[in-house]
Amino acid sequence: MDQTTATPRPRRGDELTVMVDSLAHGGAGVARHDGYVLFVPGTVPGDRARVQVGKSKRAYGEARVVELVEPSPDRIAPLADHPGAPWQVMPYAMQLEVKSAQVEDALRRIGHLDGFELEPIVPALEQWRYRNKLEYSFGADASGRLVCGFHAPGRWEEIIELQDCLLASEAGNAAREQVVAWCRAQGLTAYDRRTGEGFLRNLVVREGRRSGELQVRLVTAPGKLDTESLAAAVTLADGLLWTQQASAGETTAGGETELVAGAERLRERIGPLELEISAQAFFQTNTEMAEQLYELAVAYAELGPFDRVYDLYCGIGTIGLLMAPRAAQLWGLEIVEDAVADAIATARRNEIGNARFFAGDVRLALRELQERAGRPDVLVVDPPRAGLSQKVVRRIIETSPKRIVYVSCNPTTLAPNAAQLVAAGYELVRVRPVDMFPQTPHIECVAQLVRRSG
Ligand SMILES: C[S@@+](CC[C@H](N)C(=O)[O-])C[C@H]1O[C@@H](n2cnc3c(N)ncnc32)[C@H](O)[C@@H]1O
(Lines give C-alpha, C1' and ligand atoms only; values in the text may rest on other atoms or scores of the structure.)
Protein backbone atom coordinates (compact mmCIF):
# COMPACT_ATOMS: atom_id res chain seq x y z
CA MET A 1 0.00 0.00 0.00
CA ASP A 2 1.18 3.52 -0.76
CA GLN A 3 1.90 4.86 2.73
CA THR A 4 1.54 8.50 1.63
CA THR A 5 -2.05 8.16 0.39
CA ALA A 6 -3.37 5.57 2.89
CA THR A 7 -6.13 6.87 5.21
CA PRO A 8 -4.61 7.16 8.67
CA ARG A 9 -6.12 4.64 11.05
CA PRO A 10 -8.56 6.09 13.57
CA ARG A 11 -7.05 7.17 16.89
CA ARG A 12 -8.38 7.02 20.44
CA GLY A 13 -11.12 9.63 20.91
CA ASP A 14 -12.02 9.93 17.19
CA GLU A 15 -15.75 9.88 16.43
CA LEU A 16 -16.89 8.07 13.30
CA THR A 17 -20.11 6.81 11.77
CA VAL A 18 -19.84 3.13 10.90
CA MET A 19 -21.99 0.27 9.64
CA VAL A 20 -21.88 -2.98 11.61
CA ASP A 21 -21.66 -6.00 9.31
CA SER A 22 -21.13 -9.03 11.55
CA LEU A 23 -20.57 -10.27 15.09
CA ALA A 24 -17.16 -11.26 16.44
CA HIS A 25 -16.41 -14.19 18.71
CA GLY A 26 -17.24 -12.87 22.16
CA GLY A 27 -20.24 -10.93 20.89
CA ALA A 28 -19.12 -7.45 19.82
CA GLY A 29 -20.33 -6.00 16.52
CA VAL A 30 -17.72 -5.70 13.76
CA ALA A 31 -17.55 -2.54 11.64
CA ARG A 32 -15.01 -1.48 9.05
CA HIS A 33 -13.78 2.06 8.54
CA ASP A 34 -11.78 2.27 5.30
CA GLY A 35 -10.92 -1.40 5.82
CA TYR A 36 -9.82 -0.87 9.45
CA VAL A 37 -11.70 -3.25 11.77
CA LEU A 38 -13.48 -1.83 14.80
CA PHE A 39 -15.13 -3.97 17.47
CA VAL A 40 -18.22 -2.24 18.83
CA PRO A 41 -19.89 -3.92 21.84
CA GLY A 42 -23.67 -3.60 22.05
CA THR A 43 -24.25 -3.49 18.29
CA VAL A 44 -25.71 -6.02 15.88
CA PRO A 45 -25.31 -6.52 12.12
CA GLY A 46 -27.19 -3.83 10.20
CA ASP A 47 -26.73 -1.10 12.85
CA ARG A 48 -25.41 2.27 11.68
CA ALA A 49 -23.83 3.94 14.67
CA ARG A 50 -21.84 6.97 15.66
CA VAL A 51 -18.97 5.54 17.71
CA GLN A 52 -16.01 6.81 19.65
CA VAL A 53 -12.73 4.98 19.24
CA GLY A 54 -11.11 3.60 22.37
CA LYS A 55 -8.12 1.29 22.02
CA SER A 56 -6.59 1.56 18.57
CA LYS A 57 -4.07 -1.07 17.56
CA ARG A 58 -2.37 -1.64 14.22
CA ALA A 59 -4.74 -4.42 13.12
CA TYR A 60 -7.95 -3.40 14.83
CA GLY A 61 -9.53 -1.03 17.31
CA GLU A 62 -12.36 -0.92 19.84
CA ALA A 63 -15.12 1.65 19.93
CA ARG A 64 -18.20 2.46 21.98
CA VAL A 65 -21.55 3.61 20.69
CA VAL A 66 -22.26 7.32 21.10
CA GLU A 67 -25.49 7.22 19.11
CA LEU A 68 -27.38 4.52 17.28
CA VAL A 69 -27.99 6.49 14.07
CA GLU A 70 -30.03 3.82 12.33
CA PRO A 71 -30.89 0.61 14.17
CA SER A 72 -30.61 -2.68 12.30
CA PRO A 73 -33.94 -3.88 10.84
CA ASP A 74 -33.27 -7.14 12.69
CA ARG A 75 -33.32 -5.48 16.12
CA ILE A 76 -36.09 -6.34 18.55
CA ALA A 77 -37.05 -4.46 21.72
CA PRO A 78 -35.08 -5.63 24.79
CA LEU A 79 -37.08 -7.18 27.63
CA ALA A 80 -34.80 -6.11 30.43
CA ASP A 81 -32.05 -3.66 31.31
CA HIS A 82 -29.74 -6.57 31.99
CA PRO A 83 -25.99 -6.49 31.38
CA GLY A 84 -25.97 -10.29 31.33
CA ALA A 85 -28.26 -10.45 28.28
CA PRO A 86 -26.56 -8.37 25.54
CA TRP A 87 -27.98 -10.41 22.65
CA GLN A 88 -31.62 -9.99 23.71
CA VAL A 89 -31.96 -7.36 20.95
CA MET A 90 -31.61 -10.13 18.34
CA PRO A 91 -34.43 -12.56 17.58
CA TYR A 92 -33.68 -15.96 19.07
CA ALA A 93 -33.47 -17.67 15.66
CA MET A 94 -30.77 -15.19 14.67
CA GLN A 95 -28.82 -15.84 17.89
CA LEU A 96 -28.80 -19.55 17.06
CA GLU A 97 -27.69 -18.91 13.49
CA VAL A 98 -24.81 -16.69 14.61
CA LYS A 99 -23.64 -19.19 17.23
CA SER A 100 -23.65 -22.04 14.77
CA ALA A 101 -21.78 -19.94 12.20
CA GLN A 102 -19.20 -18.92 14.81
CA VAL A 103 -18.48 -22.57 15.69
CA GLU A 104 -17.96 -23.33 12.01
CA ASP A 105 -15.86 -20.20 11.50
CA ALA A 106 -13.60 -21.01 14.46
CA LEU A 107 -12.98 -24.57 13.27
CA ARG A 108 -12.37 -23.61 9.65
CA ARG A 109 -10.53 -20.31 10.03
CA ILE A 110 -8.64 -20.75 13.32
CA GLY A 111 -8.25 -24.53 13.22
CA HIS A 112 -7.97 -24.85 9.40
CA LEU A 113 -10.21 -27.88 9.76
CA ASP A 114 -12.75 -29.25 7.32
CA GLY A 115 -14.46 -32.49 6.45
CA PHE A 116 -16.36 -32.54 9.75
CA GLU A 117 -20.12 -32.57 10.05
CA LEU A 118 -21.58 -29.53 11.76
CA GLU A 119 -24.81 -30.84 13.25
CA PRO A 120 -27.70 -28.40 13.79
CA ILE A 121 -27.51 -26.35 16.97
CA VAL A 122 -29.73 -27.61 19.79
CA PRO A 123 -31.96 -24.66 20.79
CA ALA A 124 -32.53 -23.86 24.45
CA LEU A 125 -35.74 -25.06 26.08
CA GLU A 126 -36.14 -21.78 27.97
CA GLN A 127 -35.05 -18.45 26.53
CA TRP A 128 -35.32 -16.64 29.89
CA ARG A 129 -35.07 -17.62 33.57
CA TYR A 130 -32.83 -20.54 32.69
CA ARG A 131 -29.85 -19.89 34.95
CA ASN A 132 -29.51 -22.01 38.08
CA LYS A 133 -26.74 -19.79 39.47
CA LEU A 134 -26.41 -16.02 39.67
CA GLU A 135 -23.50 -14.13 41.13
CA TYR A 136 -24.54 -10.62 42.14
CA SER A 137 -22.33 -7.78 43.32
CA PHE A 138 -23.02 -5.19 45.99
CA GLY A 139 -22.57 -1.46 45.43
CA ALA A 140 -24.19 1.86 46.23
CA ASP A 141 -26.39 4.10 44.12
CA ALA A 142 -25.88 7.86 43.69
CA SER A 143 -27.59 8.53 47.03
CA GLY A 144 -25.38 6.00 48.83
CA ARG A 145 -28.18 3.43 49.23
CA LEU A 146 -27.02 -0.22 49.18
CA VAL A 147 -27.80 -1.97 45.87
CA CYS A 148 -27.26 -5.51 44.61
CA GLY A 149 -27.03 -6.42 40.93
CA PHE A 150 -24.51 -6.60 38.11
CA HIS A 151 -21.58 -4.46 37.05
CA ALA A 152 -22.52 -2.06 34.25
CA PRO A 153 -20.60 -3.00 31.08
CA GLY A 154 -17.41 -0.94 30.88
CA ARG A 155 -18.17 0.94 34.12
CA TRP A 156 -16.74 -1.34 36.73
CA GLU A 157 -17.65 0.66 39.82
CA GLU A 158 -21.33 1.07 38.83
CA ILE A 159 -23.83 -1.63 39.82
CA ILE A 160 -27.08 -1.99 37.91
CA GLU A 161 -29.74 -2.81 40.49
CA LEU A 162 -32.27 -5.45 39.52
CA GLN A 163 -35.73 -5.95 40.92
CA ASP A 164 -36.30 -8.99 38.75
CA CYS A 165 -33.32 -10.69 37.09
CA LEU A 166 -34.93 -12.30 34.05
CA LEU A 167 -32.19 -14.92 33.79
CA ALA A 168 -33.02 -16.21 37.30
CA SER A 169 -36.18 -17.85 38.61
CA GLU A 170 -38.72 -15.89 40.62
CA ALA A 171 -37.75 -17.87 43.72
CA GLY A 172 -34.07 -17.02 43.24
CA ASN A 173 -34.96 -13.34 42.89
CA ALA A 174 -37.04 -13.45 46.04
CA ALA A 175 -34.17 -15.02 48.00
CA ARG A 176 -31.82 -12.26 46.81
CA GLU A 177 -34.30 -9.60 47.94
CA GLN A 178 -34.55 -11.19 51.40
CA VAL A 179 -30.78 -10.94 51.82
CA VAL A 180 -30.61 -7.37 50.49
CA ALA A 181 -33.45 -6.19 52.76
CA TRP A 182 -31.68 -7.71 55.76
CA CYS A 183 -28.33 -6.13 54.81
CA ARG A 184 -30.00 -2.72 54.50
CA ALA A 185 -31.77 -3.13 57.84
CA GLN A 186 -28.41 -3.98 59.44
CA GLY A 187 -26.83 -0.87 57.92
CA LEU A 188 -24.16 -2.91 56.11
CA THR A 189 -22.20 -1.25 53.30
CA ALA A 190 -20.73 -2.53 50.06
CA TYR A 191 -17.03 -3.36 49.87
CA ASP A 192 -15.09 -0.92 47.72
CA ARG A 193 -12.19 -2.57 45.92
CA ARG A 194 -10.41 0.72 45.39
CA THR A 195 -10.31 1.73 49.05
CA GLY A 196 -10.68 -1.68 50.70
CA GLU A 197 -13.50 -0.20 52.85
CA GLY A 198 -16.97 -1.66 53.32
CA PHE A 199 -18.09 -5.25 53.89
CA LEU A 200 -20.52 -6.80 51.40
CA ARG A 201 -18.91 -8.20 48.24
CA ASN A 202 -21.13 -10.71 46.40
CA LEU A 203 -24.22 -12.79 46.71
CA VAL A 204 -24.38 -16.19 45.03
CA VAL A 205 -27.83 -17.71 44.60
CA ARG A 206 -27.95 -21.25 43.30
CA GLU A 207 -31.03 -23.27 42.57
CA GLY A 208 -31.71 -26.98 42.26
CA ARG A 209 -34.15 -26.73 39.37
CA ARG A 210 -35.50 -30.21 39.96
CA SER A 211 -35.29 -30.27 43.75
CA GLY A 212 -36.62 -26.71 44.13
CA GLU A 213 -33.87 -26.05 46.70
CA LEU A 214 -32.07 -22.72 47.00
CA GLN A 215 -28.50 -22.27 48.16
CA VAL A 216 -27.62 -18.73 49.17
CA ARG A 217 -24.02 -17.68 49.85
CA LEU A 218 -23.10 -14.24 51.08
CA VAL A 219 -19.52 -13.22 50.28
CA THR A 220 -18.04 -10.47 52.41
CA ALA A 221 -14.71 -9.00 53.40
CA PRO A 222 -13.39 -10.58 56.63
CA GLY A 223 -15.37 -9.28 59.61
CA LYS A 224 -18.36 -9.93 61.86
CA LEU A 225 -21.85 -10.98 60.83
CA ASP A 226 -24.95 -11.62 62.93
CA THR A 227 -25.47 -15.06 61.41
CA GLU A 228 -28.45 -15.93 63.63
CA SER A 229 -30.35 -12.87 62.51
CA LEU A 230 -29.40 -13.51 58.86
CA ALA A 231 -30.66 -17.11 59.08
CA ALA A 232 -33.97 -15.91 60.56
CA ALA A 233 -34.41 -13.36 57.74
CA VAL A 234 -33.53 -15.53 54.73
CA THR A 235 -36.36 -18.02 55.06
CA LEU A 236 -36.23 -19.07 51.38
CA ALA A 237 -32.73 -20.59 51.56
CA ASP A 238 -32.44 -24.36 52.01
CA GLY A 239 -28.73 -23.84 52.55
CA LEU A 240 -27.24 -20.55 53.76
CA LEU A 241 -23.49 -20.01 53.68
CA TRP A 242 -21.11 -17.18 54.47
CA THR A 243 -17.74 -16.74 52.79
CA GLN A 244 -15.16 -14.28 54.11
CA GLN A 245 -12.98 -13.28 51.20
CA ALA A 246 -9.80 -11.29 51.79
CA SER A 247 -8.44 -11.20 48.23
CA ALA A 248 -8.48 -7.86 46.42
CA GLY A 249 -9.81 -9.34 43.14
CA GLU A 250 -13.50 -9.73 42.31
CA THR A 251 -13.98 -13.43 42.94
CA THR A 252 -16.41 -15.66 44.78
CA ALA A 253 -13.96 -18.60 44.70
CA GLY A 254 -11.83 -19.48 47.68
CA GLY A 255 -12.02 -17.62 50.98
CA GLU A 256 -13.26 -19.08 54.28
CA THR A 257 -16.76 -20.53 54.01
CA GLU A 258 -18.99 -21.53 56.91
CA LEU A 259 -22.46 -23.00 56.95
CA VAL A 260 -24.91 -20.57 58.57
CA ALA A 261 -28.08 -22.68 58.31
CA GLY A 262 -29.58 -25.63 56.44
CA ALA A 263 -27.78 -28.00 54.10
CA GLU A 264 -24.18 -27.61 52.98
CA ARG A 265 -24.83 -29.11 49.55
CA LEU A 266 -27.53 -28.42 47.01
CA ARG A 267 -29.47 -31.35 45.63
CA GLU A 268 -30.21 -31.56 41.92
CA ARG A 269 -31.19 -34.15 39.33
CA ILE A 270 -29.77 -34.67 35.84
CA GLY A 271 -31.29 -37.53 33.85
CA PRO A 272 -31.30 -40.50 36.21
CA LEU A 273 -28.62 -39.02 38.50
CA GLU A 274 -29.32 -37.56 41.93
CA LEU A 275 -26.56 -34.98 42.45
CA GLU A 276 -25.05 -33.18 45.40
CA ILE A 277 -23.36 -29.87 44.66
CA SER A 278 -20.97 -28.02 46.97
CA ALA A 279 -21.02 -24.25 47.01
CA GLN A 280 -17.62 -23.93 45.32
CA ALA A 281 -18.00 -26.76 42.80
CA PHE A 282 -18.67 -26.03 39.14
CA PHE A 283 -22.03 -27.05 37.79
CA GLN A 284 -23.40 -26.14 34.36
CA THR A 285 -25.57 -23.06 34.87
CA ASN A 286 -28.45 -24.28 32.71
CA THR A 287 -29.70 -27.52 34.20
CA GLU A 288 -32.23 -28.39 31.51
CA MET A 289 -29.72 -27.83 28.69
CA ALA A 290 -26.89 -29.51 30.60
CA GLU A 291 -29.01 -32.62 30.40
CA GLN A 292 -29.14 -32.31 26.61
CA LEU A 293 -25.42 -31.52 26.41
CA TYR A 294 -24.54 -34.58 28.43
CA GLU A 295 -26.85 -36.82 26.41
CA LEU A 296 -24.98 -35.70 23.34
CA ALA A 297 -21.61 -36.37 25.00
CA VAL A 298 -22.80 -39.88 25.90
CA ALA A 299 -23.97 -40.49 22.31
CA TYR A 300 -20.64 -39.24 20.87
CA ALA A 301 -18.73 -41.57 23.21
CA GLU A 302 -20.32 -44.59 21.45
CA LEU A 303 -19.60 -46.67 24.53
CA GLY A 304 -19.16 -50.39 24.63
CA PRO A 305 -19.42 -52.52 27.79
CA PHE A 306 -15.64 -53.11 27.95
CA ASP A 307 -14.62 -49.48 27.53
CA ARG A 308 -12.43 -47.66 30.01
CA VAL A 309 -13.45 -43.98 30.13
CA TYR A 310 -11.49 -40.96 31.35
CA ASP A 311 -13.49 -37.86 32.34
CA LEU A 312 -10.97 -35.00 32.53
CA TYR A 313 -11.98 -31.68 34.12
CA CYS A 314 -14.87 -33.72 35.50
CA GLY A 315 -16.24 -31.21 38.04
CA ILE A 316 -18.78 -33.06 40.18
CA GLY A 317 -18.54 -36.03 37.81
CA THR A 318 -21.79 -35.60 35.92
CA ILE A 319 -20.64 -36.57 32.43
CA GLY A 320 -18.65 -39.57 33.57
CA LEU A 321 -21.35 -40.81 35.93
CA LEU A 322 -23.88 -40.76 33.09
CA MET A 323 -21.43 -42.84 31.03
CA ALA A 324 -20.33 -45.27 33.74
CA PRO A 325 -23.38 -47.59 33.55
CA ARG A 326 -22.61 -48.23 29.85
CA ALA A 327 -18.86 -48.73 30.29
CA ALA A 328 -16.47 -50.98 32.20
CA GLN A 329 -14.65 -48.31 34.19
CA LEU A 330 -14.81 -44.59 34.70
CA TRP A 331 -11.88 -42.50 35.94
CA GLY A 332 -12.49 -38.83 36.71
CA LEU A 333 -9.91 -36.09 37.28
CA GLU A 334 -10.68 -32.64 38.66
CA ILE A 335 -8.69 -29.94 40.45
CA VAL A 336 -11.32 -28.72 42.98
CA GLU A 337 -11.34 -31.11 45.93
CA ASP A 338 -14.90 -30.28 47.01
CA ALA A 339 -16.12 -31.16 43.51
CA VAL A 340 -14.29 -34.51 43.67
CA ALA A 341 -15.92 -35.20 47.04
CA ASP A 342 -19.31 -34.39 45.45
CA ALA A 343 -18.58 -36.78 42.56
CA ILE A 344 -17.70 -39.60 44.97
CA ALA A 345 -20.85 -38.90 47.06
CA THR A 346 -22.99 -38.87 43.91
CA ALA A 347 -21.50 -42.18 42.69
CA ARG A 348 -22.30 -43.75 46.05
CA ARG A 349 -25.77 -42.28 46.26
CA ASN A 350 -26.61 -43.56 42.76
CA GLU A 351 -24.97 -46.96 43.41
CA ILE A 352 -22.44 -46.57 40.62
CA GLY A 353 -19.62 -48.91 41.60
CA ASN A 354 -17.28 -48.66 38.60
CA ALA A 355 -16.35 -44.97 38.93
CA ARG A 356 -13.27 -43.52 40.63
CA PHE A 357 -12.43 -39.85 41.03
CA PHE A 358 -9.17 -38.09 41.82
CA ALA A 359 -8.28 -34.56 42.77
CA GLY A 360 -5.44 -33.27 40.64
CA ASP A 361 -4.30 -30.91 37.94
CA VAL A 362 -4.76 -32.49 34.52
CA ARG A 363 -1.48 -30.87 33.44
CA LEU A 364 0.45 -32.84 36.04
CA ALA A 365 -1.66 -35.87 36.92
CA LEU A 366 -2.59 -37.41 33.58
CA ARG A 367 0.50 -39.64 33.27
CA GLU A 368 -0.01 -40.89 36.82
CA LEU A 369 -3.67 -41.60 36.08
CA GLN A 370 -2.64 -43.63 33.05
CA GLU A 371 -0.12 -45.63 35.09
CA ARG A 372 -2.83 -46.42 37.59
CA ALA A 373 -5.82 -46.94 35.34
CA GLY A 374 -4.35 -48.11 32.02
CA ARG A 375 -5.04 -46.49 28.66
CA PRO A 376 -8.55 -45.13 28.05
CA ASP A 377 -10.75 -46.28 25.19
CA VAL A 378 -12.79 -43.10 25.41
CA LEU A 379 -11.55 -39.80 26.77
CA VAL A 380 -13.87 -36.92 27.66
CA VAL A 381 -12.50 -33.41 28.19
CA ASP A 382 -14.52 -30.43 29.36
CA PRO A 383 -11.96 -27.70 30.11
CA PRO A 384 -12.54 -24.09 31.16
CA ARG A 385 -12.77 -21.36 28.49
CA ALA A 386 -9.00 -21.21 27.96
CA GLY A 387 -9.14 -24.76 26.54
CA LEU A 388 -6.20 -27.16 26.70
CA SER A 389 -2.54 -26.20 26.55
CA GLN A 390 -0.50 -27.82 23.77
CA LYS A 391 1.24 -29.86 26.47
CA VAL A 392 -2.05 -31.25 27.79
CA VAL A 393 -3.08 -32.14 24.25
CA ARG A 394 0.25 -33.98 23.84
CA ARG A 395 -0.40 -35.89 27.08
CA ILE A 396 -3.87 -36.82 25.83
CA ILE A 397 -2.37 -38.05 22.55
CA GLU A 398 0.07 -40.21 24.57
CA THR A 399 -2.89 -41.96 26.23
CA SER A 400 -4.08 -42.87 22.71
CA PRO A 401 -7.86 -43.15 23.22
CA LYS A 402 -9.96 -44.49 20.35
CA ARG A 403 -12.46 -41.69 20.74
CA ILE A 404 -12.29 -38.23 22.25
CA VAL A 405 -15.40 -36.32 23.25
CA TYR A 406 -14.50 -32.66 23.65
CA VAL A 407 -17.11 -30.54 25.46
CA SER A 408 -16.19 -26.92 24.83
CA CYS A 409 -17.48 -23.59 26.11
CA ASN A 410 -15.27 -21.69 23.69
CA PRO A 411 -14.96 -22.67 20.01
CA THR A 412 -11.92 -20.41 19.56
CA THR A 413 -9.92 -22.62 21.94
CA LEU A 414 -11.53 -25.86 20.77
CA ALA A 415 -10.29 -25.08 17.23
CA PRO A 416 -6.51 -25.12 17.87
CA ASN A 417 -6.87 -28.08 20.27
CA ALA A 418 -8.81 -30.06 17.65
CA ALA A 419 -6.27 -29.09 14.99
CA GLN A 420 -3.44 -30.46 17.15
CA LEU A 421 -5.35 -33.72 17.65
CA VAL A 422 -6.05 -33.99 13.92
CA ALA A 423 -2.34 -33.44 13.15
CA ALA A 424 -1.61 -36.34 15.54
CA GLY A 425 -3.87 -38.79 13.73
CA TYR A 426 -7.41 -38.06 14.91
CA GLU A 427 -10.33 -37.21 12.68
CA LEU A 428 -12.75 -34.49 13.67
CA VAL A 429 -15.94 -36.35 12.80
CA ARG A 430 -18.75 -34.15 14.05
CA VAL A 431 -19.52 -31.11 16.11
CA ARG A 432 -22.81 -29.95 17.58
CA PRO A 433 -23.47 -26.62 19.28
CA VAL A 434 -25.93 -26.62 22.18
CA ASP A 435 -27.43 -23.32 23.26
CA MET A 436 -26.96 -23.18 27.00
CA PHE A 437 -26.95 -19.37 27.23
CA PRO A 438 -29.78 -17.61 25.31
CA GLN A 439 -29.53 -13.80 25.10
CA THR A 440 -25.75 -14.00 25.49
CA PRO A 441 -22.88 -14.60 23.04
CA HIS A 442 -21.64 -17.66 24.98
CA ILE A 443 -21.37 -20.83 22.95
CA GLU A 444 -21.19 -24.44 24.07
CA CYS A 445 -20.52 -27.35 21.73
CA VAL A 446 -19.54 -30.99 21.71
CA ALA A 447 -17.00 -32.43 19.28
CA GLN A 448 -16.26 -36.05 18.47
CA LEU A 449 -12.74 -37.02 17.40
CA VAL A 450 -11.88 -40.57 16.37
CA ARG A 451 -8.40 -42.10 16.06
CA ARG A 452 -7.63 -43.03 12.47
CA SER A 453 -6.59 -46.63 12.16
CA GLY A 454 -3.01 -47.47 11.11
C1 LIG B 1 -16.24 -26.41 32.30
S2 LIG B 1 -16.05 -27.16 33.87
C3 LIG B 1 -16.62 -28.80 33.52
C4 LIG B 1 -17.09 -29.61 34.69
C5 LIG B 1 -17.91 -30.84 34.39
N6 LIG B 1 -17.43 -31.60 33.28
C7 LIG B 1 -19.37 -30.50 34.22
O8 LIG B 1 -19.92 -30.62 33.13
O9 LIG B 1 -19.99 -30.09 35.21
C10 LIG B 1 -14.32 -27.28 33.98
C11 LIG B 1 -13.80 -27.94 35.24
O12 LIG B 1 -12.38 -28.03 35.15
C13 LIG B 1 -11.83 -27.86 36.46
N14 LIG B 1 -10.41 -27.50 36.23
C15 LIG B 1 -9.91 -26.30 35.85
N16 LIG B 1 -8.59 -26.40 35.67
C17 LIG B 1 -8.23 -27.68 35.92
C18 LIG B 1 -7.00 -28.40 35.87
N19 LIG B 1 -5.87 -27.80 35.55
N20 LIG B 1 -7.01 -29.72 36.16
C21 LIG B 1 -8.17 -30.33 36.50
N22 LIG B 1 -9.37 -29.71 36.56
C23 LIG B 1 -9.41 -28.40 36.26
C24 LIG B 1 -12.72 -26.80 37.05
O25 LIG B 1 -12.64 -26.81 38.46
C26 LIG B 1 -14.11 -27.22 36.54
O27 LIG B 1 -14.74 -28.10 37.42
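These numbers come from a predicted model, not from an experiment.

Some thoughts on unusual backbone geometry
Even without being glycine, histidine 112 reaches a positive phi, approximately 50°. Among the secondary structure elements, histidine 112 is positioned in the loop between α1 (92-110) and β6 (117-118). Notably, glutamate 302 is not glycine yet its phi reads approximately 45°, a positive angle. You can see glutamate 302 is positioned in the loop between α4 (287-301) and β16 (308-312).

Quick notes on the site of the ligand
What surrounds the ligand is a group of 21 residues, the closest being Phe282, Tyr313, Gly315, Ile335 and Asp382. Mapped by element, the contributors of at least two residues to the shell around the ligand are α5 (318-323), β17 (329-334) and α7 (362-373). Looking at the shell around the ligand, its residues break down into 14 nonpolar, 3 polar and 4 charged.

Quick word on the domain arrangement of the protein
Partitioning the protein into domains gives domain 1 (1-75), domain 2 (95-126 + 286-451) and domain 3 (133-269). On a C-alpha basis, the centres of domain 1 and domain 3 stand 37 Å from each other.

Overview of the nonpolar core
In terms of nonpolar packing, the biggest core is built from 124 residues, with Leu293, Ala297, Val380, Val405, Ala418 and Val446 touching the most fellow members. Tallying contributions element by element places α4 first for this core, with 8 residues. When sequence neighbours within four positions are dropped, the list of residues in contact with valine 380 reads Ala297, Ala301, Val309, Tyr310, Asp311, Leu312, Ile319, Gly320, Val405 and Val407.

As for the packing of α7 against helix α8 (residues 390-399)
The axes of two packed helices give the description: the angle between them and the distance between them. Closest axis-to-axis distance for the α7/α8 pair is 9 Å, and the angle between their directions is 10°. In this view, α7 runs roughly parallel relative to α8, as classed from their interaxial angle. Contacts from Val362, Arg363, Leu366, Arg367 and Gln370 of α7 reach α8 at Lys391, Val392, Arg395 and Thr399. Of the residues that constitute the contact of α7 with α8, the class distribution is 3 nonpolar, 2 polar and 4 charged.

Observations concerning the pairing of strand β3 (residues 36-40)
Across 5 bridges, the pairing between strand β2 (residues 29-33) and β3 is antiparallel. Residue pairing across strands places histidine 33 opposite tyrosine 36, the latter belonging to β3. Connecting β2 to the next strand, β3, in antiparallel fashion are 2 residues, including aspartate 34 with a positive phi near 50°. Strand direction decides the pairing type here: β3 and strand β5 (residues 60-70), joined by 3 bridges, are parallel. Bridge assignment links leucine 38 to a residue of β5, and that residue is glycine 61.

A closer look at the environment of arginine 395
Within the element layout of this structure, arginine 395 appears in helix α8. Its 20 C-beta neighbours within 10 Å are what place arginine 395 among the buried residues. Placed 193 residues apart in sequence, arginine 395 and asparagine 202 show a C-alpha to C-alpha distance of 38 Å. With sequence-adjacent residues up to four places away left out, arginine 395 is seen in contact with Leu366 and Arg367.

Topic: the sheet that holds β6
The 8 strands are arranged β6-β21-β22-β20-β19-β16-β17-β18 in an open sheet whose pairing can be described as mixed. Two strands bound the open sheet, and with one partner strand each, they are β6 and β18 (355-359). In this structure, β17 lies alongside β18, joined through 5 bridges in parallel fashion. If you follow glutamate 334 over to β18, its bridge partner there is alanine 359. Across the sheet, α1 touches β6, β21 (426-434) and β22 (444-451), and the angle it forms with β21 is around 160°.

Quick word on α7
For α7, which comprises 12 residues, the first-to-last C-alpha distance of 15 Å sits more than 12% below the rise-based estimate of 16 Å (1.5 Å per residue). Taken together, the buried positions of α7 are occupied by Val362, Leu366 and Leu369. One face of α7 carries all of its buried residues, which in axial projection span an arc of 70°. Counted as exposed and oriented over 90 degrees from the buried face of α7: Leu364, Arg367, Glu368, Glu371 and Arg372. Those residues of α7 that are buried lie in contact with β16, β17, β18 and α8. Glycine 374 lies just past α7 and shows a positive phi near 90°.

Some points on the packing of α1 against helix α9 (residues 411-423)
Look at α1 against α9: their axes get within 8 Å of each other, and the N-to-C directions meet at 35°. Every pair of crossing elements has a handedness; the one defined by α1 and α9 is right-handed. Residue-level inspection shows Gln102, Val103, Ala106, Leu107 and Ile110 of α1 in contact with α9, the latter providing Pro411, Thr412, Leu414, Ala415, Pro416 and Ala418. Partitioning the contact of α1 with α9 into residue classes produces 9 nonpolar, 2 polar and no charged.

Examining the pairing of strand β10 (residues 200-207)
Successive side chains on a regular strand alternate, one facing one side of the sheet and the next facing the other. Buried residues dominate β10, accounting for 6 of its 8 residues. The antiparallel hairpin formed by β10 and strand β11 (residues 214-220) contains 6 residues in its connecting segment, where glycine 212 sits at a positive phi of about 75°.

Observations concerning the environment of valine 103
With respect to the element layout, valine 103 can be found in helix α1. What makes valine 103 buried here is the crowd of 25 C-beta atoms within 10 Å. Residue contacts for valine 103: discarding those within four places in its chain leaves Leu118, Pro411, Val431, Pro433, Ile443 and Cys445.

Describing the sheet that holds β3
In spatial order, the strands read β1-β2-β3-β5-β4; together these 5 strands close into a barrel with mixed pairing. Sheet twist, expressed as the average angle between the axes of neighbouring strands with direction ignored, equals 50°.

Examining α4
For α4, built from 15 residues, the straight-helix expectation of 21 Å at 1.5 Å per residue is met to within 8% by its first-to-last C-alpha distance of 21 Å. Most of α4 is tucked away: 11 of the 15 residues are buried. Buried residues of α4: Thr287, Met289, Ala290, Glu291, Gln292, Leu293, Tyr294, Leu296, Ala297, Tyr300 and Ala301, and no others. A positive phi of about 45° marks glutamate 302, the residue just after α4.

About the thresholds
- Residues numbered from 1 in each chain as written.
- Predicted model: local features only at pLDDT ≥ 70, side-chain atom pairs only at ≥ 80, totals over all residues.
- Helix = DSSP H or I, 4+ residues; strand = E, 2+ residues; numbered from the N terminus.
- Near = placed C-beta within 6 Å.
- Nonpolar A, V, L, I, M, F, W, Y, C, P; charged D, E, K, R; others polar.
- Domains from an automatic or database assignment.
- Core = buried A, V, L, I, M, F, W, Y, C linked by C-beta atoms within 7 Å.
- Buried ≥ 20, exposed ≤ 12 C-beta atoms within 10 Å, placed from the backbone.
- Contact = placed C-beta atoms within 7 Å.
- Axes fitted to C-alpha atoms, helices over the stretch in contact; angles between N-to-C directions.
- Parallel < 35°, antiparallel > 145°, perpendicular 65-115°, else oblique.
- Pairing = 2+ DSSP bridges.
- Expected span 1.5 Å × (residues − 1).
- Arc of directions from axis to C-beta.
- Left-handed = near helix turned anticlockwise from the far one by under 90°.

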